[in-house]
Amino acid sequence: MHKLPKLERFNENVLAKYRIYNSIFMTLPFDAISKTGVLLPLFHEICENGFSNEKNPTEIVDAFFKAYQQNPTEKEKINLLFKFIQYIERQVVLFDAIEDAAFPIVNNMDGVGTMRNSKETAAQENKKEALKKYLEDFKVRVVLTAHPTQFYPGAVLGIITDLARAIERNDLLLINKLLAQLGKTPFFKHVKPSPFDEAISLIWYLENVFYHSVSNTYNYIINNIYDGERVNNDIINLGFWPGGDRDGNPFVTTEITLNVAKRLKQMILKNYYIDIRILKKRLTFNGVEQLISELEKLLFDNSVNPELGTMISLKEFFDKLAQIKAILITKHQSLYLEELNDFINKVNLFGYHFATLDIRQDSRVHHDVFSKIVTTLIKGGNKSFPENYLKLSEDEQITILSKVEDSVDISIFKNDMVSKTLGSIQAIKTIQKNNGERGANRYIISNNQTALNVMETFAMFNLCGFKHNITVDIIPLFETINDLTNCESVMDKLYANDVYMNHLVSRGNKQTIMLGFSDGTKDGGYLMANWAIFQAKENLTNISRKHGIKVIFFDGRGGPPARGGGKTHQFYASLGPTIENEEIQLTVQGQTISSKFGTQDAAQYNIEQLLSAGISNELFSNANHLMTKNDTEIMNDLALTSYQAYVDFKNHPKFMPYLERMSTLKYYSKANIGSRPSKRSNSAELNFADLRAIPFVGSWSQLKQNVPGFYGVGTALKKYEDNGEFDKLKQFYNGSDFFKALIGNSMMSLSKSFFELTKYMEKDEEFGGFWKIIYNEYQTSKRLILKLTDYTELMQNNKVGKASIDIRENIVLPLITIQQYALIKIQKLQKEENPDVELIKIYEKMVTRSLFGNINASRNSA
C-alpha cells in the first residue's frame, strides 16, 4: 500500500494539494477589500526577502506598502493587515484539513508502533501469551484538559472535518463551498468561554473521534490478540478536566461540575442511541427486535431529556445486551454477532460516564480551606479536632486527620472557597451515583509538597460522609524541582500510615502520582525537569515496591517539548525496568488534541503508539533502556549544568521586563480562549511565581525563540566539548534511548525558532544584551546537537515532521511579521508625549488576533 517513501507520500498528498487548494482559496472573494488574496503572496515574498537581508519588521511592512499601495492612510494599512491575518488563519485551517485527510496515507497504520505490529512481533518472538498476560493489567489513559491553547470554535472544527473528507474524495465543488464558508466563519471569540463552554468544545472530540477510535483499537485487541475472548480490562481509559479543574480557576463551581458530568452522560447515551438504531435495522429477528426497541426508546428519551431519570442501571443495560447476544447465538446462527459485540465493547469502555471527570485543586488552597474548616467546627462545638490542632506538629496533625470522620453540613461555612471545595467533594458522590464510580473517582492535589497536603484532602472526604470508604484515588501532583526531589520522602510517610494504607488496599493496592512537566520546566529548565522527573519516577517506584504498592504515574504534559510534549511515545518506550509502567497516563491539551487526536485515524494511530510503547518496554526492551552508573553520572552533570545556566538566565534583571514588554505575554489574557486567568494571583505586578506555564511557554513560541525547549542544553553540552570529553557524550547518546528522546524533542524546539524575526532587538538599548544571551545559547545548542547526532540539519531523522513544520512556519511568516510590527508600533506610541490611546488599542487588538493563527499553525506551541 505504501510503496513510495514517507516524505514523497507527504509531498504528493499534503504539500502538492495544499498548493492547489490554497490557489483556489486565495481567489475567493471574502471581503469588500479587493485583491487581498493577490496581495498576500506579494507581502509573503517581501517578508522572506526582508529577513534574509536583515531588515526589521517595520522596514518590511513599510517596503510592502511602498511597493504595492499608493500612499495608503494609516487606517487603510491597518485594515489590510487585519485582512492578511484573517486569510492566514484560514490558510492554517486549510493545511490542517489537508494533513488530516492524508494522515492514513502518509503514516503506515499497520507499521511500527501499531497494535498489528506489536501482535506480529510477539508472534515472531513467541511472546503472544506474554502479550496477552501483559494486556490483562496494562492501561493507557488519555486525559483531555481545559487549558486554553485550542483556538478553533466548534463551527470551524466542523468545517475542518468536512473539508478533510471532501479532500479525501477530491470533491472540488464541495471543497470550493467549504473554503468560501471558511472565509466567512468568525474565528475570534468576543467573550471568554465559561468552563462549561470549554467542556462542550472538548466533548466534540469524545463524540466524533474517541468514541470510534478507542473502540476500534479495543476491538482489534479483543479479536486479534485474545481471539474474541473477553478480558477483564478496558485497556484504554479517557479522562476529562473541563468543569472539574479548579486549580486557579475561580469560575469552576459545583454546579458547573455537575452539569459537565450530566452532559458527558447525555452525550454517551446519544452515541449509544445512534448505534442502537443501526443495530435495530439488522436485528429484525423474533425475540430480539422487542428488546432492541426497548433499549432504543430508553436511550432516546434520556439523551434528549437528561432530567427524565428513567435510564436503567448499567448492570441492567449489560444484562439486556447479554440476553440479546444469547438469543443471537442460540436461535439465529450468530448473525450480526460481530456488530453486537462491537456495541457491547463500547458500553464496556464508556459506561454511562464517557470520560472520567477529574477534580483538581491547589494544596495551598486546601490548606487555607482546611484551617477555616477546623476553626469553624471547633467554634461550633464539634469534637473532631482538639482546640490546639492548628498549633500541632505535622505528624500530630496527620495522626488526627487519619481518624476524622463526619458528615458536616456545608451551609455552616460562610467562606466561599470552603463551600466550593467541600461542594466539589460532595459532587463526586452525586456523579458516582448518576454516572457510575468511573464518572468521577480521581482527586488531584496540585503543588503537593508534603504528606499533610494529602492527608488534609483525605480528611475532607471523610468529613463529607465517605466515612473511610473513599471510592476515589487521591493523587498528589509534584511539580517544582524541589518537590520532585522530596516526593519520595512524602510518599514514604504516607505509606507508613496504616489508615492511608487501608485506603490504598481498598483501591487495589495502587497509588496514582502525577508529575508536572510544564511547571518543572518553567522552574528548572528543560534538561533538569525531564531528568528530575525520571529520577523521581525511579525513587517513587522503589519506595512503592518496598511497601507493596503498585505506583501509577500520571504525566502532566503540554503540547511542546518544553511542557513534556513532542514525541511522547518515544519517552515511554525508553523507560527501563526501574520505572513502574503498568499504566501510561498523560494529559493532552489545546492544539495537541486537534493535531494528535483530531481525526479517527490520527487518534487511533496515536493511542496505539502509546499502547505499543508500554508493550515494547515490557516485552521487547533492549539494553538501551538501562541507565548504567556512568550514564547516570553524565545525565546528572548535564542536568545540573543546564539548571545553573537556566537559573542564572531566569534571575537576570531583564528576564521579566523582556517577557512583559517585548513578548505577547500580556495578550494571552485578552484572547478570550480560556476561562482560566492567565496568572495565579490578582496582583497588578507580574512576578515569575504567578506565571502560568501556558502563557510563559507560548510567549517564547510567539517570539520564535522557544527558550524553554532548549535553554541550558547548549551550555551543558559545551562543558564536555571544552573538557575534551565530547566522545563520552556521543557514546551516551548512541546507547541511551532516553537521552535520544530528550535531544530529539529539543531539536523540535530549535527547528521552530526563527531569530531573524527579532534580530532588531539586538540593537535595543535596554534589551539588546539580553537578546544576545538567548541567541548565543540557541546557536550553541543547535551547533552541539548537530555535532552530537552527526546530523547536517535539525530533525534529519524525521523528514516528514520537519517538512510539516517548515510549511506551517512558512504560512505564518507574514503573520508573525505583522505581530512584531504591531508590538513595535505600540512601544513607539507609548513613548510619545501624548500617545494616541485609540490607536494603541487597535494595534493591541492586532497583536491579540495574531496569536490565533500562529498557535494553531504550531500545533504544539503552548
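Heads up: the structure comes first, above all this text.
Here's what I pulled together on the structure shown here. Small disclaimer: the values here were computed from a predicted structure and weren't measured. (Residues numbered from 1 in each chain as written. Predicted model: local features only at pLDDT ≥ 70, side-chain atom pairs only at ≥ 80, totals over all residues. Heavy atoms only, no water.)

**Thoughts on the overall build of the chain**
Condition: Each helix corresponds to a stretch of at least 4 residues labelled H or I by DSSP, and each strand to a stretch of at least 2 residues labelled E; elements are numbered beginning at the N terminus. Within these notes, the globule rule equals 2.2 Å times the number of residues to the 0.38 power, and the radius of gyration is based on C-alpha atoms. The contact rule is simple, with two residues in contact once any of their heavy atoms fall within 4.5 Å. The protein chains shown are the only cover counted for residues, whose accessible areas, like all others here, come from Shrake-Rupley with a 1.4 Å probe.
Counting its secondary structure elements, the chain contains 34 helices and nine strands. Expected size for 862 residues packed as a compact globule is a radius of gyration near 29 Å; at 28 Å, the chain falls within 12% of this value. C-alpha atoms of the chain, sized along the principal axes, occupy 80 × 70 × 60 Å. Looking at the chain alone, contacts between residues at least 24 apart form 81% of all its contacts between residues at least 6 apart. Of the roughly 33,900 Å² that the chain leaves accessible, carbon and sulfur atoms contribute 49%.

**So, the layout of surface pockets**
Note the following rule: Lining residues are those with an atom within 4 Å of a point, where the points come from a 1 Å grid over the protein atoms alone and group into cavities, where a 1.4 Å probe fits but cannot get out, or pockets, open sets with protein on both sides within 12 Å along at least five of seven lines. Grid points are joined across faces, edges and corners, and a volume is the space filled by probe spheres set on the points. Classes in brief: Ala, Val, Leu, Ile, Met, Phe, Trp, Tyr, Cys and Pro nonpolar; Asp, Glu, Lys and Arg charged; the others, Gly included, polar.
The space that makes up the second largest pocket amounts to roughly 680 Å³. What lines the second largest pocket is a set of 33 residues, and nearest its centre among them are Lys-139, Arg-141, Asp-234, Asn-237 and Arg-438. Put simply, the parts of the chain that give the lining of the second largest pocket at least two residues each are β1 (139–144), β2 (236–240), α13 (337–350), β7 (510–516) and β9 (583–588). Counted by class, the lining of the second largest pocket contains nine nonpolar, 11 polar and 13 charged residues.

**Regarding the nonpolar core**
Test applied: Among the buried residues, those of types Ala, Val, Leu, Ile, Met, Phe, Trp, Tyr and Cys that are joined through side-chain atoms within 4.5 Å form a nonpolar core. Accessibility here uses a 1.4 Å probe with only protein chains present; expressed as a share of the type maximum, an area under 20% marks a residue as buried, one over 50% as exposed, and anything in between as partly exposed.
Core analysis: the biggest nonpolar cluster contains 275 residues, and Phe-240 and Trp-700 have the highest contact counts within it. The element contributing the most residues to this core is helix α4 (residues 74–106), with 17 residues. Contact partners of Trp-700, with chain neighbours within four places excluded, come to Phe-649, Phe-655, Tyr-658, Leu-659, Gln-705, Asn-706, Val-707, Pro-708, Phe-770 and Ile-774. Counting seven residues, the second-largest nonpolar core is a separate cluster that includes Trp-241, Ile-444, Met-514 and Phe-554.

**Some words on the side chain of Thr-599**
Its location among the elements puts Thr-599 in the loop between α23 (591–597) and α24 (600–619). Overall, Thr-599 belongs to the buried group, its relative accessible area being 18%. Discounting chain neighbours no more than four positions away, the residues touching Thr-599 are Asp-100 and Val-209.

**Overview of unusual backbone geometry**
Residues other than glycine predominantly adopt negative phi, and peptide bonds predominantly adopt the trans conformation. In this structure, Asn-126 is a non-glycine residue whose phi angle is positive, near 55°. Positionally, Asn-126 belongs in the loop between α5 (115–124) and α6 (128–135). With a phi close to 65°, Tyr-336 is a non-glycine residue in the positive phi region. You can see Tyr-336 is positioned in the loop between α12 (314–331) and α13. Residue classification places Tyr-336 among the partly exposed residues on the basis of a relative accessible area of 30%.

**Focus: helix α25 (residues 629–650)**
Under the convention used in this document: Expected helix span is taken as 1.5 Å per residue step, with the number of steps being one fewer than the number of residues.
The terminal C-alpha atoms of α25 lie 31 Å apart, and with 22 residues this matches the ideal 32 Å at 1.5 Å per residue to within 8%. When α25 is considered as a whole, its buried residues turn out to be Asp-631, Ile-634, Met-635, Leu-638, Ala-639, Thr-641, Ser-642, Ala-645, Tyr-646, Val-647, Phe-649 and Lys-650.

**Side note on the sheet that holds β7**
This is how the line gets drawn: Whether two strands pair comes down to DSSP finding at least two bridges between them. With axes taken as lines fitted to C-alpha atoms, and helix axes fitted only over the stretch in contact, angles between N-to-C directions fall between 0 and 180 degrees.
Across the sheet, nine strands lie side by side as β3-β2-β1-β9-β8-β7-β6-β5-β4; this open sheet has parallel pairing. What marks the edges here is a single partner per strand, and that holds for β3 (356–357) and β4 (359–362). Pairing of strand β6 (residues 473–478) with β7, which is carried by two bridges, proceeds in the parallel orientation. The residue bridging Leu-477 from the neighbouring strand is Met-514, located in β7. Helix-sheet contacts for helix α16 (residues 416–435) involve β3, β4 and β5 (442–446), and the interaxial angle to β5 is about 155°. Helix-sheet contacts for α24 involve β1, β2 and β9, and the interaxial angle to β9 is about 145°.

**Re the packing of helix α17 (residues 451–463) against helix α18 (residues 481–495)**
The line we're drawing: Any angle from 65 to 115 degrees is called roughly perpendicular, while one under 35 is roughly parallel, one over 145 is roughly antiparallel, and all others are oblique.
At a minimum axis distance of 8 Å, the contact between α17 and α18 shows a crossing angle of 45°. For the element pair α17 / α18, the angle class is oblique. Contact residues: Ala-451, Val-454 and Met-455 in α17; Val-490, Lys-493 and Leu-494 in α18. Residue composition of the contact of α17 with α18, grouped by class: five nonpolar, no polar and one charged.

**Some thoughts on the environment of Glu-120**
Looking at where Glu-120 falls in the secondary structure, it is placed in helix α5. Sequence separation of Glu-120 and Tyr-658 is 538 residues, and the distance between their C-alpha atoms is 54 Å.

**A short note on the pattern of salt bridges**
Where side chains of opposite charge bring their charged atoms close, a pairing between them can arise. Filter applied, for reference: Salt-bridge detection follows one rule: a side-chain nitrogen of Lys or Arg within 4 Å of a carboxyl oxygen of Asp or Glu.
Evaluation of the coordinates by the stated rule reveals 49 salt bridges. Notably, a salt bridge pairs Lys-718 with Asp-722, separated by 3.1 Å at the nearest N-O pair. Of this pair, Lys-718 and Asp-722 both sit in helix α28 (residues 713–722), four residues apart, which is roughly one turn of that helix. The class of Lys-718 is partly exposed, set by a relative accessible area of 32%.

**A closer look at the pairing of β4**
Every second residue of β4 is oriented toward a common face, with Ile-359 and Gln-361 on one face and Arg-360 and Asp-362 on the other, all of them buried. Here β4 pairs with β5 via four bridges, running parallel. Bridge pairing in β5 links Gln-361 to Ile-445.

**Quick look at the pairing of β1**
The buried fraction of β1 amounts to six of the six residues, a majority that puts the element mostly inside the structure. As paired strands, β1 and β9 are joined by six bridges and run parallel to one another. Among the inter-strand pairings, Val-143 is bridged to a residue of β9, identified as Thr-587. Of the strand pairs in this sheet, β1 and β2 are connected by five bridges, and their pairing is parallel. Paired with Arg-141 across the strands is Asn-237, a residue of β2.

**Here's the deal with the packing of aromatic side chains**
Put simply, the rule reads: Classification of ring pairs uses Phe, Tyr and Trp, with its six-membered ring standing for Trp, and accepts pairs whose centres are within 6.5 Å; under 30 degrees between planes counts as stacked, over 60 as edge-to-face, and the remaining range as tilted. Any Lys NZ or Arg CZ that is within 6 Å of a ring centre and within 35 degrees of that ring's normal is treated as a charge sitting over the ring.
According to the stated counting rule, one finds 51 aromatic pairs in the structure shown. Ring geometry for Phe-317 and Tyr-352: centres 6.2 Å apart, planes at 25°, overall stacked. One end of the pair, Phe-317, is in helix α12; the other, Tyr-352, is in the loop between α13 and β3, with 35 residues separating them in the sequence. Tyr-352 matches Phe-317 in its accessibility class, with the two residues each being buried. Relative to Tyr-778, the ring of Phe-755 has its centre 4.6 Å away and its plane inclined at 35°; by these criteria the two rings are tilted. Here Phe-755 is found in the loop between α30 (737–751) and α31 (768–789), whereas its partner Tyr-778 is found in helix α31, with 23 residues between them in sequence. In this pair, the class of Phe-755 matches that of Tyr-778, namely buried. Connected via pairs of aromatic rings, a cluster forms that spans Phe-649, Phe-655, Tyr-658, Phe-696, Trp-700, Tyr-711, Phe-767 and Phe-770. The side chain of Arg-442 reaches across the aromatic face of Phe-554, ending 4.7 Å from its centre. Lying across the ring of Phe-82, Lys-845 places its NZ or CZ 5.8 Å from the centre.

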